[in-house]
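Structural features, examined
Given next are the chains, with one letter for each unit.
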Amino acid sequence: MTLLPYFLIGSAFGVILVEAEVVSWFRIQEMFRFDAFHMYGIIGTAVLTAAISLLTIKRLGVRGPDGEPLGFTPKVLGTGARYLAGGTVFGLGWALTGACPGPLVALVGAGTPVMLVAFLSALGGTWTYGRLRPKLPH
Amino acid sequence: MSHLFTHPLPWYIAGPLIGLVVPALLLLGNKPFGVASNFRHLCAALAPCGIEFFSHDWKRLGGWNLAFLLGIFAGAVVASEVAPPLALTLSPHTTAALHQLGLHDLTGLTPHEVFAWASLFTLKGFVSIVIGGFLVGFGTAYAGGCTSGHAISGLADLQPASLLAVCGFFAGGLAGTYLILPIVLR
């Protein structure tokens, strides 16, 4: 399996994140303050485009190299606690750093090198979750 | 530096292009679009410490995702060199709110008064960078996805779990914006 195509798609994604200012702390503030349509327009049309693509792939019955149908494995809902609680914790971090994981990495390369600390701290956060996982409600 | 086009790239171009990453990754190798899993893969690579959550075969399962992550970094470097973002035209209401919070330099991609090495051990710098980063890593791992995994992939796939997660994203985001940032930044 060659990794180059994934690197290239990631690069395109990185370029878009910077050029559309999705990486901007200020745009995230505008979003959480409901002062601009920009971020909602981006997320909304991204969801719509992805949904149409998924439907098309399903309709056409496109299959992968092993013959399996293309698509996502459905997330186990359970009590839903992990999604609400985890989502809220992430949302707090999103507001404080002004960046979700993709932009966090993009910002390190786009002129805010101190974001490397936030990235390493995020690794610490994930590690801590892994450690506490058996004790947390899911 | 020349500017290839006026900034920002409009939402109606950026959004659909980001949405197309989903079918691109599926067609390429049936991979689910998501960024936060890389934190888990990197923990597994660097410090698994016998923890079950990090006992997966990160090279086989996460290799493509780490290549994708490296691409994001490279793309951001190239984009900021070739066509650096211009001064933001921020909404007047947000501008006023941020001035009130004591932020005066609203240029660049992040407030220089907060996201600088020199601010790292001030209250606003430490909370924004160190605590904020920690919460991003903890929260995405707990929720099993971030903006790309839940808000874009999951919602597009009509998954109820992702809708719950996105509700959480906004609950946390609003609490951070209206309750925590005013204390931290002032």
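For the structure itself, consult the block above.
In short, a report on the structure. Chains are numbered independently. Their residues run from 1 in the order of the written sequence. Chains carry letters from A onward and ligands carry numbers from 1 onward, assigned in written order. Whole-chain, interface and lining totals are the exception, using all residues; otherwise, since this is a predicted model, local features are given only for residues with pLDDT of at least 70 and side-chain atom pairs are given and counted only at 80 or more. Think of the side-chain values as coming from all heavy atoms in the structure, minus any hydrogens and water.

Notes on helix α4 (residues 81–97) of chain A
The line we're drawing: Numbering of helices and strands runs from the N terminus, with a helix taken as a DSSP run of H or I at least four residues long and a strand as a DSSP run of E at least two residues long. Each helix should span, by expectation, one fewer than its residue count multiplied by 1.5 Å. Partly exposed describes any residue whose relative accessible area lies between the buried limit of under 20% and the exposed limit of over 50%, with all areas from a 1.4 Å probe on protein chains only and scaled to the type maximum. Pairs of residues are marked as contacts when any of their non-hydrogen atoms sit within 4.5 Å.
Here α4(A) spans 24 Å end to end across 17 residues, near enough to the 24 Å set by a 1.5 Å rise per residue. Among the 17 residues that make up α4(A), 12 are buried, leaving the element largely enclosed by the rest of the structure. Among all positions in α4(A), only R82(A), Y83(A), G86(A), G87(A), F90(A), G91(A), L92(A), G93(A), W94(A), A95(A), L96(A) and T97(A) are buried. Residues of α4(A) that are buried sit in contact with α2 (25–32), α5 (101–109) and α6 (115–132) of chain A together with α6 (123–143), α7 (147–156) and α8 (160–185) of chain B.

As for the pattern of salt bridges
Applied cut-off: Just to be clear on terms, a salt bridge is a Lys or Arg side-chain nitrogen sitting within 4 Å of an Asp or Glu carboxyl oxygen.
Enumeration according to the criterion identifies 4 salt bridges over all chains in this entry. Between D157(B) and K58(A) there is a salt bridge; the shortest N-O distance is 3.3 Å. Separated into two different chains, D157(B) in the loop between α7 and α8 and K58(A) in helix α3 (residues 38–60) make up a pair that spans both. According to the relative accessible area criterion, D157(B) is buried, its value standing at 16%. Ionic contacts of the salt-bridge type, sharing partners, join the residues E21(A), R27(A) and E30(A) into one network.

What to know about the nonpolar core
Put simply, the test is: Each nonpolar core is a collection of buried residues, namely Ala, Val, Leu, Ile, Met, Phe, Trp, Tyr and Cys, held together in the definition by side-chain atoms within 4.5 Å.
Counting residues in each nonpolar core, the largest one holds 93 residues, and the members touching the most others are F13(A), F33(B) and F68(B). The element contributing the most residues to this core is α3(A), with 9 residues. Each residue touching F68(B), except ones within four places of it in the same chain, is listed here: Y6(A), F7(A), I9(A), G10(A), F13(A), V21(B), L25(B), F33(B) and V35(B). Counting 9 residues, the second-largest nonpolar core is a separate cluster that includes A44(B), F53(B), F138(B) and Y142(B).

Focus: the packing of α3(A) against α7(B)
Here is the rule we go by: Axes, fitted as lines to C-alpha atoms, cover a helix only where it is in contact. Angles between the N-to-C directions of the axes lie from 0 to 180 degrees. Orientation is classified from the angle alone, with under 35 degrees giving roughly parallel, over 145 giving roughly antiparallel, 65 to 115 giving roughly perpendicular, and any other angle giving oblique. Left-handed describes a crossing whose near helix is turned anticlockwise from the far helix by less than a right angle; the clockwise case is right-handed. Residues are grouped as follows: Ala, Val, Leu, Ile, Met, Phe, Trp, Tyr, Cys and Pro are nonpolar; Asp, Glu, Lys and Arg are charged; all remaining types, including Gly, are polar.
The N-to-C vectors of α3(A) and α7(B) enclose an angle of 50 degrees; their axes lie 7 Å apart at closest approach. As summarised for this structure, α3(A) and α7(B) are arranged oblique, according to the angle between their axes. The interaxial crossing formed by α3(A) with α7(B) has right-handed handedness. Judged by residue contacts, I43(A), A46(A), V47(A), A50(A), A51(A) and L54(A) of α3(A) engage T147(B), A151(B), I152(B), S153(B), L155(B) and A156(B) from α7(B). Residues of the contact of α3(A) with α7(B), tallied by class, amount to 10 nonpolar, 2 polar and no charged.

Notes on the side chain of N30(B)
Filter applied, for reference: Counted as a polar contact is a pair of N or O atoms within 3.5 Å, where, for protein atoms, one must be capable of donating a hydrogen and the other of accepting one, and residues adjacent in sequence contribute only when both atoms are in side chains.
Mapped onto the elements of the fold, N30(B) is located in the loop between α2 (21–29) and α3 (37–46). On the basis of relative accessible area, N30(B) is assigned to the buried category, the value being 17%. Separated by 3.4 Å, the side chains of N30(B) and E68(A) make a polar contact. A polar atom in the side chain of N30(B) sits 3.1 Å from the backbone nitrogen of G71(A). In this structure N30(B) touches E68(A), P69(A), L70(A), G71(A) and L25(B), once residues within four positions along its chain are discounted.

Treat this as a map of the structure, not an account of what it does.
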